Amino acid sequence: MAERAGPLPRMLAPFAWCAARVYGLGVSLRNARFDRGVGVRRLEVSGVCVPVISVGNLTAGGTGKSPFVAWVCAELARAGAQPVIAMRGYGAADPANSDEAREYATTAPGAWLVVHPDRVVALHAALSRLDAADLARCVVVLDDGFQHRRLARDLDIVLVDATRAGLDGDLLPAGWLREPAHGIARAGLVVLTKAHDAAQREHASGLVARMRGRAHDAACEHAWHAVSVFEGGASRTMGVDTLAGRKVLSACALGNPSHFHGMVERSGARIVRRFERADHVRFTPMELDAEASAAGAEAVVLSRKDLVKLHEMPRTPVLVPELALRFLGAESGGGGGASALRAAISAAAGRACGS
(Lines give C-alpha, C1' and ligand atoms only; values in the text may rest on other atoms or scores of the structure.)
Protein backbone atom coordinates (compact mmCIF):
# COMPACT_ATOMS: atom_id res chain seq x y z
CA MET A 1 0.00 0.00 0.00
CA ALA A 2 1.42 3.40 -1.00
CA GLU A 3 2.03 5.77 1.87
CA ARG A 4 -0.17 8.85 2.02
CA ALA A 5 1.39 12.16 1.02
CA GLY A 6 0.23 13.66 4.31
CA PRO A 7 -1.87 12.94 7.40
CA LEU A 8 -5.24 13.67 5.74
CA PRO A 9 -7.15 11.33 3.35
CA ARG A 10 -6.58 11.95 -0.37
CA MET A 11 -10.19 13.13 -0.81
CA LEU A 12 -9.31 16.18 1.29
CA ALA A 13 -6.29 17.10 -0.85
CA PRO A 14 -7.67 20.49 -2.03
CA PHE A 15 -8.46 21.51 1.56
CA ALA A 16 -5.09 20.21 2.73
CA TRP A 17 -3.24 22.24 0.08
CA CYS A 18 -5.00 25.46 1.13
CA ALA A 19 -4.46 24.74 4.81
CA ALA A 20 -0.77 24.08 4.16
CA ARG A 21 -0.37 27.53 2.56
CA VAL A 22 -1.91 29.21 5.61
CA TYR A 23 0.16 27.05 7.95
CA GLY A 24 3.31 27.85 5.97
CA LEU A 25 2.70 31.59 6.22
CA GLY A 26 2.33 31.33 9.99
CA VAL A 27 5.50 29.23 10.31
CA SER A 28 7.50 31.65 8.15
CA LEU A 29 6.41 34.66 10.19
CA ARG A 30 7.23 32.84 13.42
CA ASN A 31 10.66 31.75 12.20
CA ALA A 32 11.49 35.24 10.93
CA ARG A 33 10.74 36.57 14.40
CA PHE A 34 12.99 34.00 16.06
CA ASP A 35 15.71 34.57 13.45
CA ARG A 36 15.86 38.18 14.68
CA GLY A 37 16.27 36.88 18.23
CA VAL A 38 12.85 38.10 19.36
CA GLY A 39 11.46 35.91 22.14
CA VAL A 40 14.62 33.76 22.40
CA ARG A 41 16.50 33.51 25.67
CA ARG A 42 19.26 31.51 27.26
CA LEU A 43 18.50 29.10 30.09
CA GLU A 44 20.06 30.93 33.02
CA VAL A 45 19.21 29.71 36.52
CA SER A 46 20.60 31.25 39.71
CA GLY A 47 23.33 32.96 37.71
CA VAL A 48 24.37 29.69 36.02
CA CYS A 49 23.99 29.32 32.26
CA VAL A 50 22.78 25.76 31.64
CA PRO A 51 23.84 24.25 28.28
CA VAL A 52 21.00 23.11 26.00
CA ILE A 53 21.19 20.47 23.29
CA SER A 54 18.14 20.05 21.05
CA VAL A 55 17.19 16.84 19.25
CA GLY A 56 14.41 17.31 16.71
CA ASN A 57 13.25 16.89 13.14
CA LEU A 58 11.43 18.63 10.31
CA THR A 59 8.73 16.04 9.68
CA ALA A 60 5.82 14.74 11.72
CA GLY A 61 6.01 11.10 12.67
CA GLY A 62 8.75 8.84 13.96
CA THR A 63 12.37 9.54 13.08
CA GLY A 64 13.92 7.46 15.85
CA LYS A 65 14.16 10.46 18.16
CA SER A 66 13.65 8.67 21.49
CA PRO A 67 16.55 6.20 21.14
CA PHE A 68 18.76 9.01 19.86
CA VAL A 69 17.92 11.20 22.88
CA ALA A 70 18.75 8.24 25.13
CA TRP A 71 22.10 7.86 23.33
CA VAL A 72 22.91 11.57 23.81
CA CYS A 73 22.07 11.26 27.52
CA ALA A 74 24.36 8.24 27.85
CA GLU A 75 27.19 10.18 26.21
CA LEU A 76 26.65 13.15 28.55
CA ALA A 77 26.60 10.90 31.60
CA ARG A 78 29.79 9.19 30.43
CA ALA A 79 31.44 12.63 30.28
CA GLY A 80 30.38 13.38 33.88
CA ALA A 81 27.43 15.65 33.10
CA GLN A 82 23.89 15.28 34.43
CA PRO A 83 21.46 14.99 31.49
CA VAL A 84 18.04 16.60 31.97
CA ILE A 85 15.47 15.60 29.34
CA ALA A 86 12.90 18.36 28.74
CA MET A 87 9.77 17.25 26.92
CA ARG A 88 6.15 18.22 26.41
CA GLY A 89 4.63 14.84 27.28
CA TYR A 90 2.61 14.80 24.08
CA GLY A 91 -0.65 12.87 23.97
CA ALA A 92 -1.08 12.23 27.69
CA ALA A 93 -3.62 13.65 30.13
CA ASP A 94 -0.81 13.55 32.67
CA PRO A 95 2.32 14.70 30.75
CA ALA A 96 4.71 13.28 33.35
CA ASN A 97 3.14 9.85 32.73
CA SER A 98 3.33 9.95 28.92
CA ASP A 99 4.54 6.91 27.00
CA GLU A 100 7.84 8.58 26.08
CA ALA A 101 8.49 9.65 29.68
CA ARG A 102 7.95 6.07 30.87
CA GLU A 103 10.16 4.76 28.07
CA TYR A 104 13.00 7.07 29.11
CA ALA A 105 12.79 5.69 32.64
CA THR A 106 14.13 2.46 31.15
CA THR A 107 16.28 3.63 28.23
CA ALA A 108 17.84 6.70 29.94
CA PRO A 109 17.67 5.77 33.64
CA GLY A 110 20.34 8.27 34.70
CA ALA A 111 18.60 11.26 33.16
CA TRP A 112 16.29 13.60 35.06
CA LEU A 113 12.95 14.24 33.38
CA VAL A 114 11.18 17.60 33.18
CA VAL A 115 7.82 17.06 31.48
CA HIS A 116 5.48 20.01 30.92
CA PRO A 117 3.80 21.74 27.96
CA ASP A 118 5.76 24.91 28.84
CA ARG A 119 9.30 23.60 28.99
CA VAL A 120 10.95 26.97 29.68
CA VAL A 121 8.91 27.63 32.81
CA ALA A 122 9.18 24.01 33.97
CA LEU A 123 12.96 23.93 33.54
CA HIS A 124 13.42 27.11 35.54
CA ALA A 125 11.21 25.75 38.31
CA ALA A 126 12.95 22.35 38.45
CA LEU A 127 16.53 23.58 38.16
CA SER A 128 16.03 26.39 40.68
CA ARG A 129 15.61 23.74 43.39
CA LEU A 130 19.12 22.33 42.83
CA ASP A 131 22.22 23.25 44.79
CA ALA A 132 25.10 24.93 42.96
CA ALA A 133 27.13 21.74 42.48
CA ASP A 134 24.28 19.79 40.88
CA LEU A 135 23.22 22.74 38.74
CA ALA A 136 26.74 23.14 37.38
CA ARG A 137 26.66 19.55 36.06
CA CYS A 138 23.31 19.82 34.28
CA VAL A 139 22.93 19.74 30.51
CA VAL A 140 19.39 20.01 29.13
CA VAL A 141 18.41 17.76 26.22
CA LEU A 142 15.34 19.16 24.46
CA ASP A 143 13.25 16.26 23.21
CA ASP A 144 11.63 17.28 19.91
CA GLY A 145 13.10 20.77 20.21
CA PHE A 146 13.92 22.01 16.70
CA GLN A 147 10.73 24.08 16.42
CA HIS A 148 10.79 25.02 20.12
CA ARG A 149 12.86 28.12 19.49
CA ARG A 150 12.00 30.14 22.61
CA LEU A 151 14.93 28.46 24.33
CA ALA A 152 18.38 29.20 22.90
CA ARG A 153 20.46 26.11 22.37
CA ASP A 154 24.15 25.34 22.16
CA LEU A 155 23.66 22.54 19.65
CA ASP A 156 20.78 21.75 17.30
CA ILE A 157 20.72 18.13 16.14
CA VAL A 158 18.19 17.34 13.41
CA LEU A 159 17.26 13.75 12.59
CA VAL A 160 16.17 12.69 9.09
CA ASP A 161 14.52 9.29 8.71
CA ALA A 162 16.21 7.67 5.71
CA THR A 163 13.22 5.39 5.14
CA ARG A 164 10.95 8.39 4.50
CA ALA A 165 12.97 11.58 4.49
CA GLY A 166 9.99 13.77 3.50
CA LEU A 167 12.14 16.84 2.73
CA ASP A 168 10.81 16.96 -0.82
CA GLY A 169 7.18 16.92 0.34
CA ASP A 170 4.66 19.58 1.32
CA LEU A 171 3.90 21.26 4.62
CA LEU A 172 1.31 19.93 7.04
CA PRO A 173 -1.44 18.92 6.49
CA ALA A 174 -0.82 18.39 2.73
CA GLY A 175 2.51 16.73 3.55
CA TRP A 176 4.53 15.82 6.61
CA LEU A 177 6.80 18.86 6.93
CA ARG A 178 6.48 20.93 10.11
CA GLU A 179 8.31 23.81 8.44
CA PRO A 180 9.86 24.46 5.00
CA ALA A 181 12.66 21.98 4.29
CA HIS A 182 15.28 24.72 3.92
CA GLY A 183 14.92 25.23 7.69
CA ILE A 184 17.34 22.31 8.04
CA ALA A 185 20.11 24.83 7.35
CA ARG A 186 19.70 25.99 10.98
CA ALA A 187 20.90 22.60 12.23
CA GLY A 188 24.31 22.30 13.79
CA LEU A 189 24.33 18.58 13.01
CA VAL A 190 22.15 16.45 10.74
CA VAL A 191 21.94 12.71 11.36
CA LEU A 192 20.31 10.17 9.05
CA THR A 193 18.46 7.57 11.12
CA LYS A 194 17.21 4.10 10.15
CA ALA A 195 19.84 4.23 7.41
CA HIS A 196 20.26 0.47 6.91
CA ASP A 197 19.30 0.52 3.22
CA ALA A 198 21.95 1.97 0.88
CA ALA A 199 19.48 3.27 -1.72
CA GLN A 200 17.29 4.98 0.89
CA ARG A 201 20.38 6.40 2.57
CA GLU A 202 21.64 7.83 -0.72
CA HIS A 203 18.24 9.40 -1.49
CA ALA A 204 17.98 10.99 1.96
CA SER A 205 21.58 12.18 1.75
CA GLY A 206 20.89 13.92 -1.55
CA LEU A 207 17.83 15.70 -0.15
CA VAL A 208 19.76 16.90 2.91
CA ALA A 209 22.61 18.23 0.76
CA ARG A 210 20.16 20.06 -1.52
CA MET A 211 18.11 21.64 1.27
CA ARG A 212 20.96 22.31 3.68
CA GLY A 213 23.70 23.26 1.27
CA ARG A 214 26.07 20.65 2.69
CA ALA A 215 26.12 16.97 3.57
CA HIS A 216 24.77 15.23 6.65
CA ASP A 217 27.18 14.72 9.56
CA ALA A 218 26.44 11.14 10.58
CA ALA A 219 24.19 8.18 9.85
CA CYS A 220 23.01 5.35 12.05
CA GLU A 221 21.04 2.14 11.92
CA HIS A 222 18.53 0.95 14.48
CA ALA A 223 19.79 -2.46 15.56
CA TRP A 224 18.20 -4.95 17.96
CA HIS A 225 20.70 -6.46 20.38
CA ALA A 226 18.34 -8.52 22.59
CA VAL A 227 14.69 -9.43 23.11
CA SER A 228 12.78 -9.16 26.39
CA VAL A 229 10.25 -11.98 26.65
CA PHE A 230 7.17 -11.50 28.85
CA GLU A 231 5.23 -14.72 29.44
CA GLY A 232 3.24 -16.21 32.29
CA GLY A 233 3.87 -13.31 34.63
CA ALA A 234 7.65 -13.57 34.26
CA SER A 235 10.22 -11.92 32.03
CA ARG A 236 13.59 -12.96 30.66
CA THR A 237 16.12 -11.64 28.17
CA MET A 238 17.01 -13.67 25.10
CA GLY A 239 18.97 -13.22 21.89
CA VAL A 240 17.40 -11.70 18.80
CA ASP A 241 17.52 -15.15 17.20
CA THR A 242 14.58 -16.11 19.41
CA LEU A 243 12.40 -14.32 16.82
CA ALA A 244 13.61 -16.46 13.92
CA GLY A 245 10.83 -18.54 12.39
CA ARG A 246 8.18 -17.50 14.92
CA LYS A 247 4.69 -16.65 13.72
CA VAL A 248 4.03 -13.25 15.26
CA LEU A 249 1.56 -10.42 15.47
CA SER A 250 3.61 -7.27 14.75
CA ALA A 251 1.83 -4.51 16.67
CA CYS A 252 2.82 -0.88 17.04
CA ALA A 253 1.47 2.62 17.61
CA LEU A 254 4.43 4.56 16.25
CA GLY A 255 5.02 7.46 13.90
CA ASN A 256 6.62 5.15 11.30
CA PRO A 257 5.02 1.70 11.64
CA SER A 258 6.43 0.34 8.37
CA HIS A 259 9.98 0.59 9.71
CA PHE A 260 9.05 -1.39 12.82
CA HIS A 261 7.38 -4.12 10.77
CA GLY A 262 10.41 -4.21 8.48
CA MET A 263 12.73 -4.77 11.42
CA VAL A 264 10.52 -7.60 12.66
CA GLU A 265 10.79 -9.24 9.24
CA ARG A 266 14.57 -8.75 9.06
CA SER A 267 14.88 -10.51 12.43
CA GLY A 268 13.62 -13.68 10.75
CA ALA A 269 10.17 -13.66 12.35
CA ARG A 270 7.16 -14.54 10.22
CA ILE A 271 4.56 -11.77 10.48
CA VAL A 272 1.10 -13.32 10.21
CA ARG A 273 -0.65 -10.02 10.88
CA ARG A 274 0.29 -6.34 11.18
CA PHE A 275 -1.70 -4.43 13.78
CA GLU A 276 -1.38 -0.65 13.94
CA ARG A 277 -2.75 2.24 15.92
CA ALA A 278 -2.04 5.96 15.59
CA ASP A 279 1.10 7.28 17.28
CA HIS A 280 0.81 7.37 21.12
CA VAL A 281 -2.44 5.35 21.19
CA ARG A 282 -2.55 2.57 23.81
CA PHE A 283 -3.21 -1.08 23.01
CA THR A 284 -5.36 -3.17 25.34
CA PRO A 285 -4.38 -6.72 26.35
CA MET A 286 -7.75 -7.98 25.15
CA GLU A 287 -7.35 -6.67 21.60
CA LEU A 288 -3.78 -7.95 21.35
CA ASP A 289 -4.94 -11.42 22.44
CA ALA A 290 -7.87 -11.31 20.00
CA GLU A 291 -5.71 -10.22 17.04
CA ALA A 292 -3.01 -12.79 17.83
CA SER A 293 -5.56 -15.60 18.20
CA ALA A 294 -7.36 -14.70 14.97
CA ALA A 295 -4.07 -14.65 13.06
CA GLY A 296 -2.67 -17.82 14.63
CA ALA A 297 0.29 -15.94 16.06
CA GLU A 298 2.54 -17.56 18.66
CA ALA A 299 3.55 -14.21 20.15
CA VAL A 300 3.08 -10.45 19.93
CA VAL A 301 6.05 -8.25 19.01
CA LEU A 302 5.76 -4.78 20.57
CA SER A 303 8.09 -1.79 20.76
CA ARG A 304 9.16 -0.69 24.23
CA LYS A 305 7.23 2.55 23.70
CA ASP A 306 4.06 0.46 23.28
CA LEU A 307 4.93 -1.90 26.13
CA VAL A 308 5.06 0.89 28.72
CA LYS A 309 1.51 1.92 27.83
CA LEU A 310 0.01 -1.48 28.71
CA HIS A 311 -1.86 -1.53 32.02
CA GLU A 312 -1.48 -5.29 32.16
CA MET A 313 0.09 -7.97 29.98
CA PRO A 314 -1.93 -10.04 27.50
CA ARG A 315 -2.10 -13.83 27.81
CA THR A 316 -0.17 -14.17 24.55
CA PRO A 317 3.63 -14.05 25.02
CA VAL A 318 5.04 -10.58 24.31
CA LEU A 319 8.44 -10.06 22.70
CA VAL A 320 10.01 -6.61 23.05
CA PRO A 321 13.18 -5.95 21.03
CA GLU A 322 15.85 -3.93 22.82
CA LEU A 323 17.18 -1.22 20.56
CA ALA A 324 20.66 0.19 20.09
CA LEU A 325 22.07 2.70 17.60
CA ARG A 326 24.87 1.59 15.30
CA PHE A 327 26.70 4.41 13.56
CA LEU A 328 27.96 3.96 10.03
CA GLY A 329 31.46 4.88 8.93
CA ALA A 330 32.30 7.35 6.17
CA GLU A 331 32.89 4.48 3.73
CA SER A 332 29.20 3.55 4.10
CA GLY A 333 27.94 7.10 3.57
CA GLY A 334 27.75 7.73 7.31
CA GLY A 335 29.54 11.08 7.39
CA GLY A 336 31.77 11.71 10.38
CA GLY A 337 30.03 9.06 12.45
CA ALA A 338 29.76 8.88 16.23
CA SER A 339 33.11 10.60 16.84
CA ALA A 340 31.90 13.83 15.21
CA LEU A 341 28.71 13.73 17.29
CA ARG A 342 30.59 13.09 20.53
CA ALA A 343 32.92 16.01 19.87
CA ALA A 344 30.04 18.39 19.15
CA ILE A 345 28.06 17.21 22.19
CA SER A 346 31.09 17.62 24.44
CA ALA A 347 31.75 21.13 23.12
CA ALA A 348 28.11 22.15 23.60
CA ALA A 349 27.96 20.72 27.11
CA GLY A 350 30.98 22.78 28.15
CA ARG A 351 29.74 26.03 26.71
CA ALA A 352 28.96 28.94 29.04
CA CYS A 353 26.85 32.05 28.55
CA GLY A 354 28.42 34.49 26.16
CA SER A 355 31.07 32.03 24.92
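Heads up: the structure comes first, above all this text.
Reading the values: the criteria
Residues numbered from 1 in each chain as written. Predicted model: local features only at pLDDT ≥ 70, side-chain atom pairs only at ≥ 80, totals over all residues. Heavy atoms only, no water. Buried < 20%, exposed > 50% of the residue type's maximum accessible area, 1.4 Å probe, protein only. Helix = DSSP H or I, 4+ residues; strand = E, 2+ residues; numbered from the N terminus. Pairing = 2+ DSSP bridges. Core = buried A, V, L, I, M, F, W, Y, C linked by side-chain atoms within 4.5 Å. Contact = heavy atoms within 4.5 Å. Disulfide = S-S within 2.5 Å. Expected span 1.5 Å × (residues − 1). Arc of directions from axis to C-beta. Phe/Tyr/Trp six-rings, centres within 6.5 Å; stacked < 30°, edge-to-face > 60°. Lys NZ or Arg CZ within 6 Å of the ring centre and 35° of its normal.

**Student:** In this structure, what is going on with the pairing of strand β7 (residues 155–161)? I would like to understand it.
**Tutor:** Looking along a regular strand, one sees the side chains alternate between the two faces of the sheet. Counting buried residues in β7 gives seven out of seven residues, a clear majority hidden from the surface. Note that strand β3 (residues 52–56) and β7 share four bridges and pair parallel. From the neighbouring strand, Ser54 faces β7, where its bridge partner is Asp156. Across five bridges, the pairing between β7 and strand β8 (residues 189–193) is parallel. Pairing of Val158 across the sheet is with Val190, part of β8.

**Student:** I tried to follow the nonpolar core on my own but got confused; where do I start?
**Tutor:** Most often, soluble globular proteins have nonpolar side chains that are buried together. Judged by nonpolar contacts, the single largest core of 33 residues is most densely connected at Phe68, Trp71 and Ile157. For this core, the leading source of residues is helix α2 (residues 65–78), giving seven residues. Beyond its immediate stretch of four places on either side in the chain, Trp71 contacts Leu325, Phe327, Ala338, Leu341, Arg342 and Ile345.

**Student:** Just checking my understanding: could you explain the state of the cysteines for this structure?
**Tutor:** One covalent bond between the sulfur atoms of two cysteine residues makes up a disulfide. The final tally for this structure, using the stated rule, is zero disulfides. Here Cys73 stays unpaired: no disulfide links it, and the sulfur of Cys138, its closest cysteine neighbor, is 12 Å away. Residue Cys73 is classed as buried on the basis of its relative accessible area of 4%.

**Student:** Teacher, can you tell me more about helix α6 (residues 198–212) here?
**Tutor:** An α-helix turns once per 3.6 residues; consequently, residues spaced three or four apart project the same way. Between its first and last C-alpha, α6 extends 21 Å over 15 residues, near the 21 Å set by a 1.5 Å rise per residue. Listing the buried residues of α6 in full gives Arg201, Ala204, Ser205, Leu207, Val208 and Arg212. Viewed along the axis of α6, the buried residues span an arc of 165°, placing them on a single side of the element. For α6, the exposed residues set more than 90 degrees away from the buried face come down to Ala199, Glu202 and Arg210.

**Student:** Teacher, can you tell me more about the packing of aromatic side chains here?
**Tutor:** Geometrically, a pair of aromatic rings is defined through the distance of the ring centres and the angle of the planes. Considering all chains together, one arrives at four aromatic pairs under this definition. Considering the side-chain rings of Phe68 and Trp71, the 5.7 Å spacing of their centres and the 40° angle between planes classify their relative orientation as tilted. In this pair, Phe68 and Trp71 both sit in helix α2, three residues apart, roughly one turn of the helix. For the residue pair Phe68 and Trp71, the accessibility class agrees, reading buried in each case. Between Trp71 and Phe327 the ring centres are 4.9 Å apart and the planes differ by 50°, which places this aromatic pair in the tilted class. With a gap of 256 residues between them, Trp71 in helix α2 and Phe327 in strand β14 (residues 318–327) connect regions that are remote in the sequence. Judged by relative accessible area, which is 17%, Phe327 ranks as buried. Three or more aromatic residues joined by ring pairs form one cluster here, namely Phe68, Trp71 and Phe327. The ring of Trp17 carries Arg21 above its face, with NZ or CZ at 4.9 Å from the centroid.

Function-wise, these values are silent; they only describe arrangement.
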